[in-house]
Amino acid sequence: MLDFVQLGWEAETVGELDHRKLKAPHVKLRAATPGATGDIVYSVDLRINEPNSVFLSSTEMHSFEHFLLWGFQKYLPQNFISIGLMGCQTGFYLILFNEGRAGVIRDTYEAILKDVLVASEVPYANIAQCGNYKNHSLEMAQALARRILGAKTNWNKIV
Ligand SMILES: [Zn+2]
């Protein structure tokens, strides 16, 4: 049994929770899946908006996804597996290999958001690397990053 508290998470916030109670933005461990040899895959929710309130637009989600992809690869190259959109348009799924410490994940997220603020272009926003390369907005991604950074002290307030 994994010690979630040792990793920096509040044990009662790990797993699936009633979406009516969720606060946002938050960073939350949803699952930790151990393999036979001791490796662990961590599933983390980067929730940005409260469920069933305001939804992220396709453009802001898309550009933000590119930045998260770029940033987690840059800062956690040994651990990063993937980032995915929540279909409900309220956040992202982050999958990490053998890195489940809340402090490391939140610090990395913060570093990426700060990078977004000073970026001059959206990463991979070109026809060779993206399937909808015109659907991007650096300004929207920066506004989103600014808002999430502004709420940093509440990232651990899940419910
Ligand atoms: Zn794309």
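Bear in mind that the values here come from a model prediction, so they are computed numbers and not experimental data.

About the cut-offs
Residues numbered from 1 in each chain as written. Predicted model: local features only at pLDDT ≥ 70, side-chain atom pairs only at ≥ 80, totals over all residues. Heavy atoms only, no water. Helix = DSSP H or I, 4+ residues; strand = E, 2+ residues; numbered from the N terminus. Rg over C-alpha atoms; globule rule 2.2 N^0.38 Å. Donors = N, O, S within 2.8 Å, 3.2 Å for Na, K, Ca; no water. Buried < 20%, exposed > 50% of the residue type's maximum accessible area, 1.4 Å probe, protein only. Axes fitted to C-alpha atoms, helices over the stretch in contact; angles between N-to-C directions. Parallel < 35°, antiparallel > 145°, perpendicular 65-115°, else oblique. Left-handed = near helix turned anticlockwise from the far one by under 90°. Contact = heavy atoms within 4.5 Å. Phe/Tyr/Trp six-rings, centres within 6.5 Å; stacked < 30°, edge-to-face > 60°. Expected span 1.5 Å × (residues − 1). Arc of directions from axis to C-beta. Core = buried A, V, L, I, M, F, W, Y, C linked by side-chain atoms within 4.5 Å.

Asks: So, the overall build of the chain: which residues are in play, and what are the values?
Replies: Assigned secondary structure in the chain consists of 3 helices and 4 strands. Helices and strands appear in the chain in the N-to-C order β-β-α-β-β-α-α. The C-alpha atoms of the chain give 15 Å as radius of gyration, which agrees with the globular expectation for 159 residues (15 Å, within 12%). By principal-axis analysis of the C-alpha atoms, the chain measures approximately 45 × 35 × 25 Å.

Asks: Mind laying out the coordination of the zinc ion, listing which residues take part and the relevant values?
Replies: Within the protein, the zinc ion binds to H62 (NE2), H66 (NE2) and C130 (SG); these donor distances fall in the range 2.1 to 2.3 Å. Along the chain, the residues donating to the zinc ion fall in the pattern H-x3-H-x63-C. Here H66 is found in helix α1 (residues 58–75), whereas its partner C130 is found in the loop between α2 (102–118) and α3 (138–150), with 64 residues between them in sequence. With respect to burial, H66 and C130 carry one shared label: buried.

Asks: How would you summarise the environment of A36 if you had to cite specific residues and measurements?
Replies: In this fold, A36 is placed in the loop between β1 (26–34) and β2 (40–47). Overall, the relative accessible area of 89% leaves A36 in the exposed class. In this structure, the C-alpha to C-alpha distance between A36 and M61, residues 25 residues apart in sequence, is 35 Å.

Asks: Would you mind going over the packing of α2 against α3 in detail, with residue names and values included?
Replies: Contact geometry for α2 and α3: axes closest at 9 Å, N-to-C directions at 140 degrees. The angle between the axes of α2 and α3 places the two elements in the oblique class. α3 is crossed by α2, and the crossing has left-handed handedness. Only A141, Q142, A145, R146, I148 and L149 of α3 make contact with α2, whose side of the interface consists of Y109, E110, L113, K114, V116, L117 and V118.

Asks: Summarise the packing of aromatic side chains; cite the residues concerned and give the values.
Replies: Geometrically, a pair of aromatic rings is defined through the distance of the ring centres and the angle of the planes. Taken as a whole and judged by the stated rule, the model has 4 aromatic pairs. Here F64 and F92 contribute two aromatic rings whose centre-to-centre distance is 5.7 Å and whose plane-to-plane angle is 45 degrees, an arrangement assigned as tilted. With F64 in helix α1 and F92 in strand β4 (residues 91–97), this residue pair connects regions lying 28 residues apart in the sequence. Of the two residues, F64 and F92, neither departs from the other in class, the shared state being buried. Ring centres of F67 and W70 lie 6.4 Å apart, and the angle between their planes is 85 degrees; this geometry places the pair in the edge-to-face category. One end of the pair is F67 and the other is W70, both in helix α1 and 3 residues apart, which spans about a single turn.

Asks: Residue-level account of α3, with values.
Replies: Counted at 1.5 Å a residue, the expected span for α3 with its 13 residues is 18 Å, and the 18 Å between its end C-alpha atoms agrees. Every buried residue of α3 is accounted for by L138, A141, Q142, L144, A145, I148 and L149. End-on view of α3: buried residues confined to an arc of 160 degrees, all on one side of the axis. Facing away from the buried surface of α3 by more than 90 degrees, the exposed residues are E139 and G150. Where α3 is buried, its residues touch α1 and α2.

Asks: How would you sum up the nonpolar core? Please name residues and give values.
Replies: Ranked by size, the top nonpolar core spans 37 residues in total, and within it L46, F64 and Y109 carry the most contacts. Every element with two or more residues in this core is listed here: β1, β2, α1, β3 (80–85), β4, α2 and α3. Non-local contacts of F64, meaning those with residues more than four positions away in its chain, are made with I48, F92, Y109, L113, A141, L144, A145 and I148.

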